Amino acid sequence: MITAIVMIKADVHRIPEVAEAIAEIEGVSEVYSVTGGVDLIAMVRVRRHEDLADVIPGRVNKVPGVISSDTHISFQTYSKHDLESAFALGW
């Protein structure tokens, strides 16, 4: 599974609607409304690298109210939850 973190600047008057529309896109697992230099952060999870092009520029960036986005692709996932599960196997 390939994970991309998409930081999105949106029309400030439409942030809730933009977030809801993005959350409905297949491949988007979560959308967070955040403070700071961006308005929304979307987590995109797809099976193939090529699928990112369909989801991010093909659908996310075309949602009315999206002004711009910056995508970061993860190399590896580190999670306390995953580590706890792994350690629990031998106990």
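As annotated in an unreviewed UniProt entry, the protein carries the name Lrp/AsnC family transcriptional regulator and is attributed to Nocardiopsis alba.

A.B. asks: Talk me through the nonpolar core; I want residue IDs and the actual numbers.
C.D. replies: One finds Ile-8, Ile-22, Val-28, Leu-40, Val-44 and Val-55 to be the most contacted residues of the largest nonpolar core, which totals 21 residues. Those elements giving two or more residues to this core turn out to be strand 1 (2–10), helix 1 (15–23), strand 3 (40–46) and helix 2 (51–55). Sort the elements by how many residues they give to this core and strand 1 lands first, with 5 residues. Look past the residues within four positions of Leu-40 in its chain and what remains in contact with it is Val-6, Met-7, Ile-8, Ala-10, Ile-15, Val-18, Ala-19, Ile-22, Val-31, Tyr-32, Ser-33 and Val-34.

A.B. asks: Run through the pattern of salt bridges, naming residues and quoting values.
C.D. replies: For the structure shown, the criterion picks out 3 salt bridges. Across the salt bridge formed by Arg-48 and Glu-50, the nearest N and O atoms sit 3.9 Å from each other. Given a relative accessible area of 54%, Glu-50 falls into the exposed group. Among the salt bridges present, the one from Asp-51 reaches Arg-48, with a minimum N-O distance of 3.0 Å. Here the residues in one salt-bridge network are Arg-48, Glu-50 and Asp-51, joined through shared partners.

A.B. asks: Please set out the side chain of Asp-39 residue by residue, giving values where relevant.
C.D. replies: If you trace the backbone, Asp-39 turns up in the loop between strand 2 (28–33) and strand 3. No salt bridge forms around the buried Asp-39; measuring N to O, its nearest opposite-charge neighbour Lys-9 is 7.2 Å away. At a separation of 2.8 Å, a polar atom in the side chain of Asp-39 contacts the main-chain amide nitrogen of Ala-10.

A.B. asks: If you had to explain the sheet that holds strand 4 (residues 66–73) to someone new, which residues and values would you point to?
C.D. replies: Strand order in this open sheet of 4 strands is 2-3-1-4, and the pairing throughout is antiparallel. Either end of the sheet is taken by a strand with one partner, and the two such strands are strand 2 and strand 4. Shown here is a sheet whose adjacent strand axes are inclined to one another by a mean of 20°, direction ignored. With 7 bridges joining them, strand 1 and strand 3 adopt antiparallel strand pairing. Note on strand 3: the bridge partner recorded for Val-6 is Ala-42. Lying over the sheet, helix 1 contacts strand 1, strand 2, strand 3 and strand 4, oriented at roughly 165° with respect to strand 2.

Conventions and cut-offs
- Residues numbered from 1 in each chain as written.
- Predicted model: local features only at pLDDT ≥ 70, side-chain atom pairs only at ≥ 80, totals over all residues.
- Heavy atoms only, no water.
- Core = buried A, V, L, I, M, F, W, Y, C linked by side-chain atoms within 4.5 Å.
- Buried < 20%, exposed > 50% of the residue type's maximum accessible area, 1.4 Å probe, protein only.
- Helix = DSSP H or I, 4+ residues; strand = E, 2+ residues; numbered from the N terminus.
- Contact = heavy atoms within 4.5 Å.
- Salt bridge = Lys/Arg side-chain N within 4 Å of Asp/Glu carboxyl O.
- Lys, Arg positive; Asp, Glu negative; His and termini not counted.
- Polar contact = N/O pair within 3.5 Å; in protein donor to acceptor, adjacent residues only side chain to side chain.
- Pairing = 2+ DSSP bridges.
- Axes fitted to C-alpha atoms, helices over the stretch in contact; angles between N-to-C directions.

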